[in-house]
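Given next are the chains, with one letter for each unit.
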Amino acid sequence: MSETAPAAASDAGGSAARPSGSKDTRKGESRGGLFARIALFVRQVVAELKKVVRPTRSELITYTSVVLVFVAVVMAFVTVVDLGIGKLTFWVFGG
């Protein structure tokens, strides 16, 4: 890591993004009980899941097609390389 990376990592949730009137939960307030932290986590997960955008049917078909074609191309490439290495090995070591 560079010298600035630890400082940036420690300041990632830092005070620069906080309004000046808000409290710092790490220093002044207690962290709450176990169930309060679990409830907070669940609320944050639900909030993040609400941001998820589902693809339309046509987008889903397009994405699936692209993935299947890509996998087929990679399989063909690996097959050709494997056969080539096999032939080369057979030629070098005889059989």
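Residues numbered from 1 in each chain as written. Predicted model: local features only at pLDDT ≥ 70, side-chain atom pairs only at ≥ 80, totals over all residues. Heavy atoms only, no water.

A. Focus on the overall build of the protein chain. What the protein chain contains, in helices and strands, is three helices and zero strands. Element-wise, carbon and sulfur atoms account for 69% of the exposed surface of the protein chain, whose accessible area totals about 9,000 Å². (Helix = DSSP H or I, 4+ residues; strand = E, 2+ residues; numbered from the N terminus. Areas by Shrake-Rupley, 256 points an atom, 1.4 Å probe, with all protein chains shown as cover.)

B. Region of the structure containing the UniProt feature "transmembrane region" (unreviewed entry) in the protein chain. As recorded in UniProt, the feature "transmembrane region" (unreviewed entry) lies at residues 60-81. Along residues 60-81, the helical share is 100% and the strand share 0%, with 32 Å between the first and last C-alpha atoms. (UniProt positions renumbered as here; feature names shortened; annotations may be inferred.)

C. Molecular detail of the pattern of salt bridges. Under the criterion given, the structure shown has one salt bridge. Close ionic contact of Glu-48 with Lys-51 constitutes a salt bridge, the shortest N to O distance being 3.1 Å. (Salt bridge = Lys/Arg side-chain N within 4 Å of Asp/Glu carboxyl O.)

D. Geometry of helix α3 (residues 57-93). The terminal C-alpha atoms of α3 lie 53 Å apart, and with 37 residues this matches the ideal 54 Å at 1.5 Å per residue to within 8%. Following α3 by one or two positions, Gly-94 has its phi on the positive side, about 75 degrees. (Expected span 1.5 Å × (residues − 1).)

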